[in-house]
Amino acid sequence: MKVKLIAGILLLITVVVVSCQSDEQVEFSRYYSGGSSIYQQHCQNCHGEKGEGLQSLIPPLTDSIYLKNNKTLLACFLKNGLKGKIIINKREFDDEMKPDELAPIEIAKVLTYVTNSFGNKMGVINLQMVEGDMAKCR
Amino acid sequence: MMRKLTLIGIMAFALLSSCTSKSNRLPILGSKNPVTKTVDGKQVTDTTYATIPDFKFVNQYGDTITAKNLDGKIYVADFFFTTCPSICPLMHRNMLNVYKEFKDDNNFRILSHTIDPKYDTVPVLKRYADKMGIAGNSWWLLHGNKGDTYGIAKSYLQSVQERNPAGQYIHDGFFILIDKQKRIRGTYEGTDPKEVDKLIADIKTLKAEPEQVAAK
């Protein structure tokens, strides 16, 4: 009887844990795969298929440290554009990225894709996070 | 027996090389004009092909470039502008491969015409060249008045238009291959890396054509 109860509780815990994990996993996959096609349509011409950028004209998206340090600003970069000097992979870039007319959910998806591709591994950037970040855009 | 084998070998070789020499010539594109003239009292009809007319533009160094600067050279032309948000970065990522392949060949050039001469002044073009890592004279970024650029685009069989309501220019992303006789020998989708690989192969083929080797 006791054994059965313990086994039952254990089972319950496993089910909860597994389903929680897979919920996160499901959210991540949904954002990531949606972000992949948005990237192809809106970013790839400039930043390249492998996020390699273009010479000193367009920065690569492979600088994980820069992306981590600016994680909460990335949504604003896409919404309002980005201009001026930045250092990416120890190289200086000084140009301009124009704003793109993407919906917040599209921004979340494409950022999830970028920050988990090309050698980056930052986890999901979901709609709530993007909306929070965008409310604080300078 | 031995002789027979050699004979077959020679025949096979002749057959093969005749095949390759046939495919080793690029077509000539553009409108053909039959010209009938009288030679030695006989009527002969010759075909002349469309050629790129003379032009005058300024490159990223401020040098004037005319068709004369391309005498004896094979070249590739395209149309772009430095603030192009859509296909130009992709085109020039691919054009960079053409540049790298032939930058040491003084009888080869790349001509990129800006279709936004108002913004893309000579210093802006120079800055763009520097950022692209383009040095020397193998890749010229050309500035000219709009009428001239749009006119030459037609000669290259390209269509470029004024800004659309969204403020973007509409233009084709083609790379056009021109021979030493200033005839069009190929057009390639500049946004497609595979087509650009074909362009690089075709330039090598063209360079080897006897008519090109002989031309000065």
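All values derive from a computational prediction rather than experimental measurement. (Residues numbered from 1 in each chain as written. Chains lettered and ligands numbered in written order. Predicted model: local features only at pLDDT ≥ 70, side-chain atom pairs only at ≥ 80, totals over all residues. Heavy atoms only, no water.)

Q: Any details on the overall build of chain B? Residues and values, ideally.
A: Along the backbone of chain B there are 6 helices and 11 strands. Counting only contacts in chain B whose residues sit at least 6 apart along the sequence, the fraction spanning at least 24 positions is 67%. With the model as given, the accessible surface of chain B reaches about 11600 Å², and the carbon-plus-sulfur share is 57%. (Helix = DSSP H or I, 4+ residues; strand = E, 2+ residues; numbered from the N terminus. Contact = heavy atoms within 4.5 Å. Areas by Shrake-Rupley, 256 points an atom, 1.4 Å probe, with all protein chains shown as cover.)

Q: Any chance you could break down the overall build of chain A for me, citing the residues and the numbers?
A: On a plain count of helices and strands, chain A comes out with 6 helices and 2 strands. Reading chain A from its N end, one meets helices and strands in the order α-α-α-α-β-β-α-α. Rg of the C-alpha trace for chain A: 19 Å, well past the compact-globule value of 14 Å for 138 residues, more than 25% over. Each principal axis of the C-alpha distribution contributes one length, and for chain A these read about 70 × 30 × 25 Å. When each of the 138 residues of chain A is scored for burial, the buried share is 36%. Counting contacts in chain A only where the partners sit at least 6 residues apart, residues at least 24 apart contribute 58% of the total. By element, 58% of the accessible surface of chain A is carried by carbon and sulfur atoms, the whole surface being about 8700 Å². (Rg over C-alpha atoms; globule rule 2.2 N^0.38 Å. Buried < 20%, exposed > 50% of the residue type's maximum accessible area, 1.4 Å probe, protein only.)

Q: Could you give me a rundown of the interface of chain B and chain A, with the residues and numbers involved?
A: Contacts between chain B and chain A engage 12 residues on the former and 14 residues on the latter. Buried surface at the junction of chain B and chain A, summed over both partners, amounts to about 1100 Å²; 54% is from carbon and sulfur atoms. Three residues stand out in chain B for area buried against chain A, namely P89, R93 and K131 of chain B, and they jointly supply 55% of the buried area on that side. Where chain B meets chain A, there are 2 salt bridges. R93 of chain B is the partner of E52 of chain A in a salt bridge, and the nearest nitrogen-oxygen pair spans 3.8 Å. Listed by contribution, the elements that provide at least two residues to the side of chain B that touches chain A are α2 (88-102) and α3 (122-132) of chain B. (Buried area = accessible area lost by both parts, 1.4 Å probe. Salt bridge = Lys/Arg side-chain N within 4 Å of Asp/Glu carboxyl O.)

Q: Please give an account of the pairing of strand β1 (residues 82-88) of chain A that cites residues and values.
A: All names here are of chain A. The pairing of β1 with strand β2 (residues 91-97) spans 7 bridges and is antiparallel. Opposite I86, over in β2, you have F93 as the bridge partner. Taking the residues that link successive antiparallel strands as the turn, the β1-β2 hairpin has 2 residues, and the phi of N89 there is positive, at about 50°. (Pairing = 2+ DSSP bridges.)

Q: Would you mind going over the nonpolar core in detail, with residue names and values included?
A: Of all hydrophobic cores here, the largest spans 53 residues; its most connected members are F55, Y75, V98, L111, W139, Y156 and L177 of chain B. With 7 residues, α2 of chain B is the single largest residue contributor to this core. Counting residues in hydrophobic clusters, the runner-up holds 28 residues, among them I107, F118, M122 and M134 of chain A. (Core = buried A, V, L, I, M, F, W, Y, C linked by side-chain atoms within 4.5 Å.)

Q: How would you summarise the packing of aromatic side chains if you had to cite specific residues and measurements?
A: According to the stated counting rule, one finds 11 aromatic pairs over all chains in the structure shown. Both rings, one in Y39 of chain A and one in Y113 of chain A, keep their centres 5.5 Å apart while their planes meet at 45°; by these two values the pair is tilted. Of this pair, Y39 of chain A sits in helix α1 (residues 2-42) while Y113 of chain A is found in helix α5 (residues 104-114), placing the two residues 74 residues apart along the sequence. Arranged with centres 5.3 Å apart and planes meeting at 45°, the rings of F80 of chain B and Y128 of chain B form a pair that is tilted. Of this pair, F80 of chain B sits in strand β5 (residues 74-80) while Y128 of chain B is found in helix α3, placing the two residues 48 residues apart along the sequence. The pair F80 of chain B / Y128 of chain B is uniform in exposure class, with both members buried. Members of the aromatic cluster, connected to one another through ring pairs, are F28, Y32, Y39, Y113 and F118 of chain A. (Phe/Tyr/Trp six-rings, centres within 6.5 Å; stacked < 30°, edge-to-face > 60°.)

Q: How would you explain the side chain of T114 of chain B if you had to name every residue and give the values?
A: All names here are of chain B. Structurally, the position occupied by T114 is in strand β6 (residues 108-114). Under the relative-accessibility criterion, T114 is labelled buried at 0%. There is a polar contact of 3.0 Å between the side chain of T114 and the backbone nitrogen of D116. In this structure the side chain of T114 is engaged in a polar contact, spanning 2.6 Å, whose partner is the side chain of D120. (Polar contact = N/O pair within 3.5 Å; in protein donor to acceptor, adjacent residues only side chain to side chain.)

Q: Tell me what's going on with the pairing of strand β10 (residues 174-178) of chain B, and back it up with residues and numbers.
A: All names here are of chain B. Taken across its 5 residues, β10 has 4 buried, putting it largely inside the fold. As paired elements, β5 and β10 share 3 bridges and run antiparallel to each other. Pairing of Y75 across the sheet is with I178, part of β10. Taking the residues that link successive antiparallel strands as the turn, the β10-strand β11 (residues 184-189) hairpin has 5 residues, and the phi of K182 there is positive, at about 65°.

Q: Now, about the UniProt feature "domain: Cytochrome c" (unreviewed entry) in chain A: what can you tell me, with residues and values included?
A: The sites that carry the UniProt feature "domain: Cytochrome c" (unreviewed entry) are, in the present numbering, residues 30-118 of chain A. Secondary structure over residues 30-118 of chain A splits into 46% helix and 16% strand, and the C-alpha atoms at its two ends are 18 Å apart. (UniProt positions renumbered as here; feature names shortened; annotations may be inferred.)

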